[in-house]
Amino acid sequence: MTYFHFIFYRSEVKFNFSLELNFSDKDNDISKHKLGYYYSENNITKEICSETGTNFNNEYVRHPLTFILEAADDIAYATADLEDALKKELFTLDQFVSYYDNEIKKIDKNPHKKYSESLLKELNNIRGKEEKNVENDFKSFQKWIGYAKNWLMFVVSYSFSKSYKEIMNGSLKKDLFYDTNHEFTIQILKGAMKKFVFNDIEILKLELAAKKIIEAFLNDFIYAVRYWEEEDADKYMSKADKKYINIIPQNLRDEYIKTKPENKSERLYKKFMMVTDFISGMTDSYAKNLYQELYGIK
């Protein structure tokens with residue numbers, strides 16, 4: 001997934017609530033932690049939920065497989081991505097050990113705390129057998145990550161089996177790490193990604209550059225499509241607006257024309273969605289090159 005796909009990533013599969021509802025990452029129901037489907041996808045969402053049996057009394061619930069999908073995403077993010085970040089020297093193993101140890105100390109008395117502590121001890125044991133240098137540290141971390149990943153997959157498998165009834169009737173509101181031996185471990189590893197990777201200056205530069213490009217595209221293309229395919233288009237559209245329209249792929253324009261609503265507000269909404277579909281489908285290199293071409297940078 002490119003950075004641009006990430007920015008516009010739609011999580012209908014994992015979070016099946018309408019954009020119109022209130023969301024909070026503090027909500028007890030994990031499915032409300034992120035935005036789900038768009039208004040334009042109401043009908044297809046109804047059809048999907050009906051076919052997959054995830055419509056319970058006119059309330060959409062998460063498909064059982066999405067719990068596994070989410071857990072797999074979290075494990076990959078917290079292990080493989082973290083391993084890759086160490087390889088790129090975005091942090092040192094000493095920094096990681098210090099961070100992990102400090103996070104464990106913040107945990108109040110909880111029977112699951114000892115399992116996260118045992119993982120740190122295992123890392124120190126693996127590392128203790130080798131001379132400390134960058135190469136050996138990475139080998140030690142790589143070995144330990146594999147060990148930690150196995151435990152994370154084990155608790156997810158156990159949790160799914162334990163919560164099977166609640167998952168199948170749509171009543172489970174937590175993720176599969178909740179109240180398992182390694183619920184703190186996954187939190188610590190994901191926290192390490194935020195601390196060492198997301199705050200890296202090169203990553204921040206990339207994010208800010210992408211934000212600038214996306215904002216520029218949204219501003220100009222959204223402005224250009226306002227009167228496109230309307231009766232008064234020639235009166236209100238500038239030559240520049242028409243050129244922006246021609247840059248949007250023909251298949252997206254054809255799709256809009258084919259499903260053009262009668263209601264003016266809905267037409268405007270669908271045109272805006274066409275623009276976001278166009279931008280979200282860009283690769284990083286295409287977006288960068290198009291931005292440079294449109295704004296005279298090259």
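Here we summarise the structure given alongside this text. Quantities reported herein were computed from a predicted structural model and do not represent experimental measurements. (Residues numbered from 1 in each chain as written. Predicted model: local features only at pLDDT ≥ 70, side-chain atom pairs only at ≥ 80, totals over all residues. Heavy atoms only, no water.)

1. A word on the overall build of the protein chain
In terms of helices and strands, the protein chain carries 15 helices and two strands. Per-residue burial for the protein chain yields a buried fraction of 40% across its 298 residues. Within the protein chain, residue pairs in contact and separated by at least 24 positions form 66% of the contacts whose partners lie at least 6 positions apart. For the protein chain, the accessible surface area stands at approximately 18,000 Å², while carbon and sulfur atoms represent 51% of it. (Helix = DSSP H or I, 4+ residues; strand = E, 2+ residues; numbered from the N terminus. Buried < 20%, exposed > 50% of the residue type's maximum accessible area, 1.4 Å probe, protein only. Contact = heavy atoms within 4.5 Å. Areas by Shrake-Rupley, 256 points an atom, 1.4 Å probe, with all protein chains shown as cover.)

2. Things to note about unusual backbone geometry
Positive phi is not limited to glycine here, since Asp179 has a value of about 60°. With respect to the helices, strands and loops of the structure, Asp179 is situated in the loop between α8 (164-168) and α9 (183-198). Its relative accessible area of 44% is what places Asp179 among the partly exposed residues. Phi at Glu229 is positive, roughly 65°, even though this residue is not glycine. Along the chain, Glu229 turns up in the loop between α10 (201-225) and α11 (233-236).

3. Details of the pattern of salt bridges
Counting across every chain of the model gives 15 salt bridges. The salt bridge involving Lys205 is made with Glu202; its shortest N-O contact spans 3.6 Å. Residue Lys205 and its partner Glu202 are located together in helix α10, separated by three residues, close to a single helical turn. A residue is classified by how much of its surface remains accessible, and Lys205, at 48% relative accessible area, is partly exposed. For Glu255, the salt bridge goes to Lys258, with nearest N and O atoms at 3.5 Å. Placement of both Glu255 and Lys258 in helix α13 (residues 250-258) is noted, with a separation of three residues, approximately one turn of the helix. Each of the salt bridges in this network shares a partner with another, and the network as a whole consists of Asp94, Arg127 and Asp137. (Salt bridge = Lys/Arg side-chain N within 4 Å of Asp/Glu carboxyl O.)

4. Overview of the nonpolar core
Generally speaking, nonpolar side chains in soluble globular proteins are found buried as a group. Phe96, Tyr100 and Trp144 are the most contacted members of the largest nonpolar core, which has 39 residues in total. The set of elements that each furnish at least two residues to this core consists of α3 (64-78), α4 (80-87), α5 (93-105), α6 (113-128), α7 (134-162) and α9. It is α7 that provides the largest number of residues to this core, a total of nine residues. Excluding its chain neighbours within four sequence positions, the residues that come into contact with Phe96 are Leu82, Phe91, Leu123, Phe141, Trp144, Leu189, Ala192 and Phe196. One finds Tyr256, Met282, Ala287 and Tyr291 within the second-largest nonpolar core, a separate group that totals 21 residues. (Core = buried A, V, L, I, M, F, W, Y, C linked by side-chain atoms within 4.5 Å.)

5. Side note on the layout of surface pockets
Roughly 520 Å³ of internal volume is contained in the second largest pocket. In this structure, the second largest pocket is lined by 19 residues; those nearest its centre are Ser40, Glu41, Thr259, Lys270 and Met273. Those elements giving two or more residues to the lining of the second largest pocket turn out to be α2 (42-52), α13 and α14 (264-280). Residue contributions to the lining of the second largest pocket peak at six residues, all from α14. Across the lining of the second largest pocket, the residue classes tally to eight nonpolar, five polar and six charged. (1 Å grid on protein atoms, 1.4 Å probe; cavity = no way out; pocket = protein on both sides within 12 Å on 5 of 7 lines; lining within 4 Å. Points joined across faces, edges and corners; volume = space filled by probe spheres on them. Nonpolar A, V, L, I, M, F, W, Y, C, P; charged D, E, K, R; others polar.)

6. Some details on the side chain of Asp137
Following the sequence through the fold, Asp137 ends up in helix α7. When its relative accessible area of 13% is taken as the criterion, Asp137 is described as buried. Excluding its chain neighbours within four sequence positions, the residues that come into contact with Asp137 are Leu86, Leu93, Arg127 and Lys132.

7. Regarding a nonpolar patch on the surface
On the surface, Tyr147, Trp151, Phe154 and Tyr158 cluster together into a nonpolar patch covering about 430 Å² of accessible area. Here Tyr147 is to be found in helix α7. (Patch = residues over 30% accessible without salt bridge, like charges linked within 9 Å, V, L, I, M, F, W, Y side chains within 5 Å.)

8. Points about α9
With 16 residues, α9 should reach 22 Å at 1.5 Å per residue; the first-to-last C-alpha distance of 22 Å fits that figure. Against the buried residues of α9 lie α3, α4, α5, α6, α7 and α10. (Expected span 1.5 Å × (residues − 1).)

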